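Here's the letter readout for the chains.
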Amino acid sequence: MTAALDILITKAEQSKLKDLNLENLPFGKFFTDHMLEADYENGEWKNIEIKPYQPLLLSPSVAALHYGQAIFEGVKAYKDSNGDAYIFRPIDNFKRFNISAERMQMPAVPEELFMEGMRLLVELDKNWIPSKPDHSLYIRPFMFSSDELIGVRPSDTYKFMIILSPTGPYYSAPMRIYVEENYVRAVPGGVGYAKAAGNYGAAMYATAEAKKKGYDQVLWTDAFEHKYVQECGTMNVFFIIGNTAITPSLELGTILNGVTRQSTITMLQEMGFTVEERRLNIDDIIDAYKANTLYEVFGTGTAATISMIKELRYKDFVMEFDVDNWKTAPTIKKWLTDIREGNREDKYNWMQKV
Ligand SMILES: *Cc1c(COP(=O)(O)O)cnc(C)c1O
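Residues numbered from 1 in each chain as written. Predicted model: local features only at pLDDT ≥ 70, side-chain atom pairs only at ≥ 80, totals over all residues. Heavy atoms only, no water.

1. Topic: the overall build of the chain
Turning to step 1, where the next piece is worked out: Looking only at helices and strands, one finds 7 helices and 18 strands in the chain.
Turning to step 2, where the next piece is worked out: The C-alpha atoms of the chain give a radius of gyration of 21 Å, which matches the 20 Å a tight globule of 354 residues would have.
Turning to step 3, where the next piece is worked out: With respect to the principal axes defined by its C-alpha atoms, the chain has extents near 60 × 50 × 35 Å.
Turning to step 4, where the next piece is worked out: Out of the 354 residues in the chain, the part that is buried amounts to 54%.
Turning to step 5, where the next piece is worked out: Look at the contacts in the chain between residues 6 or more apart in sequence, and 72% of them connect residues 24 or more apart.
Turning to step 6, where the next piece is worked out: Distance between charge centres in the chain, computed from 39 positive and 48 negative side chains, equals 3 Å. (Helix = DSSP H or I, 4+ residues; strand = E, 2+ residues; numbered from the N terminus. Rg over C-alpha atoms; globule rule 2.2 N^0.38 Å. Buried < 20%, exposed > 50% of the residue type's maximum accessible area, 1.4 Å probe, protein only. Contact = heavy atoms within 4.5 Å. Lys, Arg positive; Asp, Glu negative; His and termini not counted. Charge placed at Lys NZ, Arg CZ, Asp CG, Glu CD.)

Shown next, in the form of structure tokens:
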């Protein structure tokens, strides 16, 4: 595999690591010594390089800055107690990346470039993976259109890159959530299922409005009735009602198909829950709350794994939860963390050795 990927590796003359303590780093602020860069031109991927982390030189006319053909992924690498490095479910991120690419009329990235390029980069910067519990190396693959032309059309050229950021622990305090009824994140036929850069910019206004009202995030609802729940900020959302765990289904294309969502479904099934992927109406959530059968509500995503929701507000109705006594969300978080850090059997072969 290694031999087939034609890749030029230029090592940094010295590592920045010696000036940095890998403990308690804030999320996404520090980057490792190297990055991967590749260009798509004339229908093929070329100039595949791993080189010292450095700024890009871009023309002001570069298409992505104007029309937003830009997508990304978020993946994490861990070190076990033997010092071996593993990446969590990278193939799922690879598949999703190309689903996003297709929706944004961008070229697919070959599996070998994405997977082997990521592996080589992580291997080279392996010393940057923090070994402390709850710490990890965040991997950010991304692609953007790079034609130097101000004209609205799909670009002919693209850049694919991977950068790495040591992080942790990403503590997410229990959240207060505002059920959004004005602004929308995703519509059927739209780009909600793609990890497209513009989705995040488009969400910021509503999130800022919720923050002004004292909330941490919004719970997005459907565009037509503002009744069916979608996602919580940039996390998938789960509701435990009785012995059933419910999360919005993917079929309308309005939900990002989270790797943590899939992993959480598997963990819930292991715990004996019935898992339903379906449309879920806010009125049913309120009914369950009133009947004392709505036990837990939480978000899932790579950065925080699980974020518990301690308050959910719909119009003037406030649902409050005693998160300190929850069993399910903390157990899922622990199981997933244990699998990633090598302290629980990796039954599903999620960990890919670097
Ligand atoms: C990335 C993301 C998620 C979570 O996906 P993971 O693969 O679990 O990290 C959920 N919702 C949105 C909108 C996202 O961008």
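2. Describing the packing of aromatic side chains
Turning to step 1, where the next piece is worked out: Summed over the entire model, instances satisfying the criterion amount to 19 aromatic pairs.
Turning to step 2, where the next piece is worked out: Its guanidinium or amino end placed over the ring of Tyr215, Arg176 lies 4.6 Å from that ring's centre, counting from NZ or CZ. (Phe/Tyr/Trp six-rings, centres within 6.5 Å; stacked < 30°, edge-to-face > 60°. Lys NZ or Arg CZ within 6 Å of the ring centre and 35° of its normal.)

3. Overview of the nonpolar core
Burial of nonpolar side chains together is a common tendency in soluble globular proteins.
Turning to step 1, where the next piece is worked out: Counting residues in each nonpolar core, the largest one holds 44 residues, and the members touching the most others are Leu219, Phe239, Leu268, Ile285, Leu294, Leu312 and Phe321.
Turning to step 2, where the next piece is worked out: Counting 41 residues, the second-largest nonpolar core is a separate cluster that includes Leu36, Ile129, Ile139 and Ala196. (Core = buried A, V, L, I, M, F, W, Y, C linked by side-chain atoms within 4.5 Å.)

4. A look at the site of the ligand
Turning to step 1, where the next piece is worked out: Near the ligand there are 14 residues, and of these Lys195, Tyr200, Glu231, Thr260 and Thr302 occur at the shortest range.
Turning to step 2, where the next piece is worked out: Here an oxygen atom of the ligand sits 2.8 Å away from a polar atom, N or O, in the main chain of Val259.
Turning to step 3, where the next piece is worked out: One of the side-chain nitrogen or oxygen atoms of Thr260 is found 2.6 Å away from an oxygen atom of the ligand.
Turning to step 4, where the next piece is worked out: About the coverage of the ligand: the protein hides 96% of its 380 Å² of free accessible area.
Turning to step 5, where the next piece is worked out: Looking at the shell around the ligand residue by residue, the classes come out as 4 nonpolar, 6 polar and 4 charged. (Near = heavy atom within 4 Å. Polar contact = N/O pair within 3.5 Å; in protein donor to acceptor, adjacent residues only side chain to side chain. Areas by Shrake-Rupley, 256 points an atom, 1.4 Å probe, with all protein chains shown as cover. Nonpolar A, V, L, I, M, F, W, Y, C, P; charged D, E, K, R; others polar.)

5. Let's talk about helix H6 (residues 282–290)
Turning to step 1, where the next piece is worked out: Taken together, the buried positions of H6 are occupied by Ile282, Ile285, Ile286 and Ala288. One face of H6 carries all of its buried residues, which in axial projection span an arc of 160 degrees.
Turning to step 2, where the next piece is worked out: At its buried positions, H6 is contacted by strand E9 (175–179), strand E11 (229–232), strand E12 (236–241), strand E15 (294–301), strand E16 (305–314) and strand E17 (317–320).
Turning to step 3, where the next piece is worked out: Capping of H6 at its N-terminal end is provided by Asn281; its side-chain oxygen lies 2.9 Å from the backbone amide nitrogen of Asp283.
Turning to step 4, where the next piece is worked out: Two residues or fewer after H6 comes Asn292, characterised by a positive phi angle close to 60 degrees. (Arc of directions from axis to C-beta.)

6. Quick word on the pattern of salt bridges
Turning to step 1, where the next piece is worked out: Inspection of every chain in the model, using the stated rule, returns 24 salt bridges.
Turning to step 2, where the next piece is worked out: Between Lys159 and Asp39 there is a salt bridge; the shortest N-O distance is 2.8 Å. Of this pair, Lys159 sits in strand E8 (residues 158–167) while Asp39 is found in strand E2 (residues 34–41), placing the two residues 120 residues apart along the sequence. Accessibility classification places Lys159 together with Asp39 in one group, the buried group.
Turning to step 3, where the next piece is worked out: One salt bridge in this structure joins Glu123 and Arg119, with 3.5 Å as the shortest N-O distance. Pair noted here: Glu123 and Arg119 are both in helix H3 (residues 111–124), with a separation of 4 residues, about one helical turn.
Turning to step 4, where the next piece is worked out: Arg119 sits in the buried class, given a relative accessible area of 15%.
Turning to step 5, where the next piece is worked out: Via salt bridges that share partners, Glu37, Asp39, Lys51 and Lys159 belong to a single interconnected network. (Salt bridge = Lys/Arg side-chain N within 4 Å of Asp/Glu carboxyl O.)

7. Brief notes about helix H2 (residues 90–103)
Turning to step 1, where the next piece is worked out: Over its 14 residues, H2 extends 20 Å from the first C-alpha to the last, a length consistent with the 20 Å expected when each residue adds 1.5 Å.
Turning to step 2, where the next piece is worked out: If you check which residues of H2 are buried, you get Pro90, Asn93, Phe94, Arg96, Phe97, Asn98, Ser100 and Ala101. (Expected span 1.5 Å × (residues − 1).)

8. Considerations on the domain arrangement of the chain
Turning to step 1, where the next piece is worked out: Under the domain assignment used here, the chain contains domain 1 (8–169) and domain 2 (175–340).
Turning to step 2, where the next piece is worked out: Relative to domain 2, the C-alpha centre of domain 1 lies at a distance of 28 Å.
Turning to step 3, where the next piece is worked out: Of the residues lining the interface, 20 residues belong to domain 1; the matching set on domain 2 comes to 19 residues.
Turning to step 4, where the next piece is worked out: It is Phe88, Arg96 and Arg103 in domain 1 that bury the most area against domain 2; as a group they hold 35% of the surface buried on that side.
Turning to step 5, where the next piece is worked out: Summed over the shared surface of domain 1 and domain 2, the number is 0 salt bridges.
Turning to step 6, where the next piece is worked out: The interface formed by domain 1 and domain 2 holds 10 residue pairs in polar contact (both at pLDDT 80 or more) in total.
Turning to step 7, where the next piece is worked out: Elements represented by at least two residues in the side of domain 1 that touches domain 2 include exactly strand E4 (70–72), strand E5 (75–79) and H2. (Domains from an automatic or database assignment. Buried area = accessible area lost by both parts, 1.4 Å probe.)

9. Observations concerning unusual backbone geometry
Turning to step 1, where the next piece is worked out: Backbone torsion omega between Gly168 and Pro169 reads -10 degrees, so that peptide bond is classified as cis.
Turning to step 2, where the next piece is worked out: Its identity is not glycine, yet Lys315 carries a phi of approximately 50 degrees, on the positive side.
Turning to step 3, where the next piece is worked out: With a relative accessible area of 48%, Lys315 lands in the partly exposed category.

10. Some details on the environment of Val259
Turning to step 1, where the next piece is worked out: Tracing the backbone through its elements, the reader meets Val259 in helix H5 (residues 259–270).
Turning to step 2, where the next piece is worked out: For Val259, a relative accessible area of 8% corresponds to the buried category.
Turning to step 3, where the next piece is worked out: Expressed as a C-alpha distance, the spacing of Val259 and Val152, which sit 107 residues apart in the sequence, is 33 Å.
Turning to step 4, where the next piece is worked out: Apart from the residues lying within four places of it in its own chain, the contact partners of Val259 are Phe88, Arg89, Asp92, Asn93 and Arg96.

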